[in-house]
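What the coordinates show
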Amino acid sequence: MTVSTEAALQPADCWDVFISYAREDYKEAKGLQDALLKYVKEDGSPPRVYLDVSRTGTRAGADWQSYLEEALRHSRYIVPLYSLKYFEKSVCEWELHQAYRLSVVQPDTELLPVLIHPGAVEKVPFVVHGINWIATTQPDWIDVLREATKLGTAAARRVLGVTGAAPEAVAGRTLEPVRISVSLPDGSPQVAAGISVTLSAEPDTAGLTGTLTVEADRGEAVFDGLVLHTATEQVRLVATAPGCERAVSASFPVRSVEVRPPVGAQGSGTLAARGRPVFFPDGRALAVLDGTTLTVYTDRYEKAGSAELKGQPRLWARGRRLLAVADWSGRVLLAAPDGRIRTWDVPAHDAARYSVPGALAFDGDVLHVGTWAGEVWSVPLGSEAPQTVLKHPSGVQVLIADRGRFLVGGLDGTLVRVMDGRVLAEHQLEPVLLGAALVNDFGLIVGEQLVYRLDLAKDQLLRVKQPVTGIAGVLPGSELTAIVDAEGRFVCFDAELAVRVGFRTVPGARPVDVAEGGRLLVLEHPGGSHSLVREGRATSVSRHPLAVSPDGTRAAASDGNRLVVLPIDELTEGDGVPGEAGERR
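Read on for an overview of the structure. Worth saying up front: this structure is predicted, and the values here are computed from it rather than measured.

With that settled, consider the nonpolar core. Core analysis: the largest hydrophobic core is formed by 28 residues, its most contacted members being Leu160, Ile180, Val197, Leu199, Phe223 and Leu228. Residues Phe18, Leu68, Phe87 and Leu115 belong to the second largest nonpolar core, which totals 22 residues.

One pass over the structure, following the stated rule, counts 25 salt bridges. For Arg179, the salt bridge is made with Glu220, and the minimal N-O distance between the two is 3.3 Å. Separated by 41 residues along the polypeptide, Arg179 in strand β9 (residues 178-183) and Glu220 in strand β13 (residues 220-223) bring together distant segments of the chain. Arg562 is paired through a salt bridge with Asp559; the nearest N and O atoms lie 2.8 Å apart.

Look at helix α4 (residues 90-105): 23 Å from first C-alpha to last across 16 residues, which is about the 22 Å you get at 1.5 Å a residue. Along α4, the positions that sit buried rather than exposed are Cys92, Glu95, Leu96, Gln98, Ala99 and Leu102. Around the axis of α4, the buried residues are gathered within 165° of arc, so they sit on the same side. Those residues of α4 that are exposed and aimed more than 90 degrees away from the buried face are Ser90, Val104 and Val105.

A few words now on empty space enclosed by the protein. To find leftover empty space, a probe the size of one water molecule is rolled over the atoms. One pass over the full model with this rule turns up three cavities of 30 Å³ or more. Considering only enclosed or pocket space, the largest cavity measures out at about 90 Å³ in volume. Lining the largest cavity, in full, are Ile400, Asp402, Arg405, Phe406, Leu407, Arg417, Val418, Met419, Leu424, Leu438 and Leu456. Here the residues of the lining of the largest cavity are counted per class, giving eight nonpolar, no polar and three charged. Each pocket or cavity is described by its volume, and for the second largest cavity that value is around 40 Å³. As for the second largest cavity, its lining consists of Gly172, Val227, His229, Phe503, Thr505, His525, Ser531, Val533 and Ala538.

Along the chain, His530 falls in strand β46 (residues 530-534). Apart from the residues lying within four places of it in its own chain, the contact partners of His530 are Val512, Val522, Leu523, Glu524, His525, Ser540, Val541, Ser542, His544, Pro545 and Leu546.

Attention now goes to the sheet that holds strand β50 (residues 563-567). Whenever strands of a sheet pair, they do so through backbone hydrogen bonds, lying parallel or antiparallel. Taken in spatial order, the four strands of this open sheet run β19-β50-β49-β48, and their pairing is antiparallel. Here the strands that pair on one side only, and so sit at the sheet edges, are β19 (270-271) and β48 (546-548). Both strand β49 (residues 554-558) and β50 contribute to a ladder of five bridges, which runs antiparallel. The partner of Ala555 across the bridge, within β50, is Leu566.

All right, on to the packing of helix α2 (residues 26-36) against helix α5 (residues 141-148) then. Two elements in contact, α2 and α5, have axes separated by 11 Å at closest approach and are oriented at 60°. Relative to α5, the element α2 lies oblique. Our pair here, α2 against α5, has a crossing hand that is right-handed. Note on element contacts: α5 touches α2 through Trp141, Ile142 and Leu145, opposite Leu32, Ala35 and Leu36. Here the residues of the contact of α2 with α5 sort into six nonpolar, no polar and no charged.

With that settled, consider the sheet that holds strand β16 (residues 244-245). Within the open sheet, the four strands sit side by side as β13-β9-β7-β16. Their pairing is mixed. At either end of the open sheet lies a strand with only one pairing partner, and these are β13 and β16. The pairing of strand β7 (residues 158-163) with β16 spans two bridges and is classified as parallel. Within β16, the position partnered with Val159 by the bridge is Glu245.

The rules behind these values
Residues numbered from 1 in each chain as written. Predicted model: local features only at pLDDT ≥ 70, side-chain atom pairs only at ≥ 80, totals over all residues. Heavy atoms only, no water. Core = buried A, V, L, I, M, F, W, Y, C linked by side-chain atoms within 4.5 Å. Buried < 20%, exposed > 50% of the residue type's maximum accessible area, 1.4 Å probe, protein only. Salt bridge = Lys/Arg side-chain N within 4 Å of Asp/Glu carboxyl O. Helix = DSSP H or I, 4+ residues; strand = E, 2+ residues; numbered from the N terminus. Expected span 1.5 Å × (residues − 1). Arc of directions from axis to C-beta. 1 Å grid on protein atoms, 1.4 Å probe; cavity = no way out; pocket = protein on both sides within 12 Å on 5 of 7 lines; lining within 4 Å. Points joined across faces, edges and corners; volume = space filled by probe spheres on them. Nonpolar A, V, L, I, M, F, W, Y, C, P; charged D, E, K, R; others polar. Contact = heavy atoms within 4.5 Å. Pairing = 2+ DSSP bridges. Axes fitted to C-alpha atoms, helices over the stretch in contact; angles between N-to-C directions. Parallel < 35°, antiparallel > 145°, perpendicular 65-115°, else oblique. Left-handed = near helix turned anticlockwise from the far one by under 90°.

Put into C-alpha cells, the structure is as follows:
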C-alpha cells in the first residue's frame with residue numbers, strides 16, 4: 001500500500017534546491033547537499049535541499065514518482081548533475097524534462113545544471129543544450145552555484161543574545177521584562193523588521209506563560225508579562241528565531257515564595273477563621289465563607305452573625321453597603337456589615353432549574369435577583385417580603401439595576417431596557433451572556449463572542465469582537481472588566497471597549513476579586529492557590545485564599561488556619577525551597 005501524494009507532501013514542503021542525479025553519482029550528489037547545507041538563505045535560515053534518499057527526501061510509503069513530480073514543482077532551483085550515467089537513466093531524463101518545462105511555465109523555478117563529467121557534454125539533449133551549466137572543473141564552481149541559488153555564507157547568520165543578568169524569579173510572580181538582542185556576527189544590531197523571536201524555558205516543567213513570540217524592533221525583542229509557575233532549582237530561558245543562532249540565558253532558580261500573614265500577628269485584625277474572605281463595600285467589615293457557612297465580622301473584626309447556603313456559591317454582588325451571595329439551589333444570603341443576614345430561597349417553579357439565580361444586581365442597597373425563570377425579585381434586608389418587579393419571558397442571564405432602570409439579558413440573547421415595568425428598547429445580542437456592569441452611563445455586557453457597550457442616554461449599541469475565546473471567568477469592576485479564558489489569557493477593557501491590560505496567567509485561572517476599579521485583581525488557580533495581580537503583573541502568590549478591599553488599600557490573607565487583615569502594602573512573603581510548590585500541589 002502507498003500513501004497518496006496529497007497526504008505525503010504537505011504545502012509546507014517547498015525546497016530551495018532539488019538535486020537530480022544518477023544513482024552511480026550519489027557520492028557527488030550527497031557531497032553537494034552537504035556543501036549547500038553549510039550556507040544560509042537571505043533570512044539567515046539554512047536552505048532546504050531535496051535529495052531523494054536522504055532523511056528529508058521522499059517519505060516512506062509515498063508513491064515515489066508522484067512525490068518526485070510534486071517535489072520538482074515545489075522547488076526554487078533544480079540542479080541536475082550531468083554525467084555519463086545521468087543521460088542513460090530514464091528517470092533522470094524524465095526529471096530533466098520536467099525541470100525544463102517548469103522553468104518555462106513557473107517564473108519562480110530555475111534550472112541550474114552542474115557538469116560533473118566533461119564527457120557528458122555530448123549527451124546533453126538539444127532542448128536544454130542552450131542552458132549554461134556550471135562545470136566542476138572550475139576552481140570556484142561551488143561559489144558560482146551558491147551565488148546562483150542566492151545563498152550566503154554562514155558568517156551572515158544572525159545571532160540572538162540575552163540582555164542583562166538572569167531574572168529574579170518567584171513562582172507565580174511576573175518577571176521583569178526579558179530582552180533578547182538580534183545582531184549580526186560582528187555584533188552590530190540587526191534592525192531589519194519581520195524577525196519573530198520565540199522564548200521557552202528549559203525544563204518546560206517550569207511552566208513559562210505569557211506572550212512567548214515577539215517581533216523584534218530595532219534589533220531587540222522585549223518579552224513582558226512572563227510568569228514561571230513552578231518552583232525549580234535551575235531554569236534557563238531559550239530564545240530562537242528562524243535563521244538565527246539561538247540564545248540561552250544563564251541558569252537561575254525559581255523560588256517558591258508565597259504571601260503569609262505576619263508571623264505572630266495578633267490583635268483585632270487577626271481572625272480565627274478559615275475559608276474565602278470577601279470584603280464588604282466599606283473595605284473594613286469582612287464576610288468569610290467556610291464551606292457553606294457565611295460568617296460576618298464587623299469593622300472591629302468581631303464575629304457578628306452567620307447563615308448557611310445549601311451548596312456551592314454561584315454569584316456574588318456588592319451594593320452600597322451590603323454584600324450578597326447566591327448558590328445553585330436558589331438560596332440567597334443578603335448580609336450587612338453589622339452582622340445582620342437575610343436568608344431567602346427563590347420560589348421553585350414547575351422544574352427545579354427555574355429557581356436558579358441567573359444574576360444579582362444592587363440598586364444602591366436594594367438587591368435584585370434575576371432567575372432563569374425570567375423573574376426579577378427585589379429582596380430587602382429587613383422583614384418585608386421580596387417582590388417581583390418585572391418578568392422577562394426568555395429568562396435572565398445578566399442584570400443591571402440603576403435608579404429604577406433595568407438592563408436584562410435573556411437566555412435567548414435579547415437585551416431589554418425596562419423602566420417602571422415598561423420596555424423602552426430591545427437589542428439582539430447573542431445566546432451566551434457572561435457578565436454585565438454599569439460604568440458611568442454605559443452598560444457593558446460580555447458575551448461569548450462579542451463585547452457590547454450600550455449608551456443608556458442615546459440607546460446606541462457598540463459591538464467589538466471578544467479579545468479572548470473559551471472564557472473561564474468574567475469579573476466586572478467599577479471602571480474595568482476583567483476576562484480570563486481557559487488558556488490563561490487575561491484582558492481588562494474599559495467603557496470605551498479599549499483593552500487596557502493584557503497578559504497570560506495559569507491556564508484554568510479565574511478572577512474572584514476586584515479592586516481599584518478593575519486594576520487590582522485576585523485570581524484563583526486550579527488547585528486553590530491565589531495570586532494578586534496589579535496592572536497586569538502578578539505581584540504575590542498564596543496557597544490560600546486572598547481578598548482585597550474595593551479601594552485596594554487593604555488585604556485579607558490566610559495561612560490556612562487564620563485570617564489577617566492589614567494594609568495591602570504590608571503583605572509579606574516567605575521563601576520556600578525550590579520545588580516545594582510543585583511537590584505540595
